[in-house]
Amino acid sequence: MKNEFSFADSPDTACITCCHVLNENSPILYVSHDEDGCWQFLCSGQHSEADARVVSLADILKIDNSMAVLTELDFGEYAEAESETSDWIVRRI
Ligand SMILES: [Zn+2]
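Parameters and conventions
- Residues numbered from 1 in each chain as written.
- Predicted model: local features only at pLDDT ≥ 70, side-chain atom pairs only at ≥ 80, totals over all residues.
- Helix = DSSP H or I, 4+ residues; strand = E, 2+ residues; numbered from the N terminus.
- Rg over C-alpha atoms; globule rule 2.2 N^0.38 Å.
- Buried ≥ 20, exposed ≤ 12 C-beta atoms within 10 Å, placed from the backbone.
- Contact = placed C-beta atoms within 7 Å.
- Pairing = 2+ DSSP bridges.
- Axes fitted to C-alpha atoms, helices over the stretch in contact; angles between N-to-C directions.

A. Inspection of the overall build of the protein chain at higher detail. Assigned secondary structure in the protein chain consists of 2 helices and 6 strands. Against the globule reference of 12 Å for 93 residues, the protein chain gives a C-alpha radius of gyration of 12 Å, in line with a compact fold. Across its three principal axes, the protein chain shows a C-alpha extent of roughly 30 × 30 × 25 Å. Burial status across the protein chain gives 20% buried among its 93 residues. If you take every contact in the protein chain between residues at least 6 apart in sequence, the share linking residues at least 24 apart comes to 60%.

If you want it as structure tokens, here you go:
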């Protein structure tokens, strides 16, 4: 597993995660790269706006280094995994 920062965006790019990932160690199972460039890294649960937390891309890699495999996600694509061990499935939003 490589450690250098591999996203095309800068490490301090703001992105969205949820309180479950941040506070409850839930696995990240949904990653989207919106058309406007916004990244979201969420667990598999249901989310309301109150659950959203703003962190940096560097923080996300600190939480889960395996997110580095998703750096190639294009604008308007999202990736979903059924569990921490399953493969990511990439779709258009
Ligand atoms: Zn969540």
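Alright, that's what it looks like, and here's the rest.
B. A look at the sheet that holds strand E5 (residues 77–80). With mixed pairing, the 6 strands of this open sheet are ordered in space as E4-E1-E3-E2-E5-E6. Among the strands making up the open sheet, the edge pair consists of strand E4 (52–56) and strand E6 (89–92). Mean inter-strand twist for the sheet, computed between neighbouring axes without regard to direction, equals 20°.

C. Local environment of the pairing of strand E2 (residues 30–33). Strand direction decides the pairing type here: E2 and strand E3 (residues 39–42), joined by 4 bridges, are antiparallel. Directly across from Tyr 30, in E3, lies its bridge partner Leu 42. Counting the residues in the hairpin turn of E2 and E3 gives 5 residues, including Gly 37, whose phi is positive at 95°. Note: E2 against E5, 4 bridges, orientation antiparallel. Across the sheet, the residue bridging to Ser 32 is Tyr 78, located in E5.

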